[in-house]
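What follows is each chain in one-letter form.
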Amino acid sequence: MSEQKEELKDYAGGWIMEKQGTDFPFFLKLAFPVIGLGCVAYIVLQMMGDVGHATRGTFVQQFNKVSQTSPVLQYVVAALALVYVLIMAVYTFRSVKEH
């Protein structure tokens, strides 16, 4: 009988092993863009701080006036994060064939 050995790739000094030619599980492929979109949403929703809070909202508004917070810069950061998430999603769901 001849035994066929499966080629294994190891990462992190052997703590993570992968069979050659296998793909990521779908739930992991889906988790990356979902977490990334959640981060982008958090950036946009909390852009100016917690201005609607009952007790500290007025302090946050005063701080924003004094510090001259730039919403344009924060939108640019959110747009860059969104572009990153889109590129990562395309790369994650694209089929990568190993030779």
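Above this text is the structure in question.
Residues numbered from 1 in each chain as written. Predicted model: local features only at pLDDT ≥ 70, side-chain atom pairs only at ≥ 80, totals over all residues. Heavy atoms only, no water.

Caption draft 1: Representation of the overall build of the chain in the model. Counting secondary structure elements, the chain contains 3 helices and 2 strands. The linear arrangement of helices and strands in the chain, starting from the amino end, is β-β-α-α-α. Burial status across the chain gives 14% buried among its 99 residues. Summed over all atoms, the accessible surface of the chain reaches about 8600 Å², with 67% contributed by carbon and sulfur. (Helix = DSSP H or I, 4+ residues; strand = E, 2+ residues; numbered from the N terminus. Buried < 20%, exposed > 50% of the residue type's maximum accessible area, 1.4 Å probe, protein only. Areas by Shrake-Rupley, 256 points an atom, 1.4 Å probe, with all protein chains shown as cover.)

Caption draft 2: Here's a closer look at the pattern of salt bridges. Inspection of the entire model under this criterion finds 1 salt bridge. Salt-bridge contacts for Asp50 lead to Arg56; the nearest nitrogen and oxygen are separated by 3.2 Å. Residue classification places Asp50 among the partly exposed positions, given a relative accessible area of 29%. The exposure class of Arg56 is partly exposed, given its relative accessible area of 43%. (Salt bridge = Lys/Arg side-chain N within 4 Å of Asp/Glu carboxyl O.)

Caption draft 3: Local environment of the environment of Ala41. Structurally, Ala41 can be placed in helix α1 (residues 26-45). Looking at Ala41, the relative accessible area reads 34%, which means it is partly exposed. For Ala41 and Leu82, which are 41 residues apart along the polypeptide, the C-alpha to C-alpha distance reads 9.3 Å.

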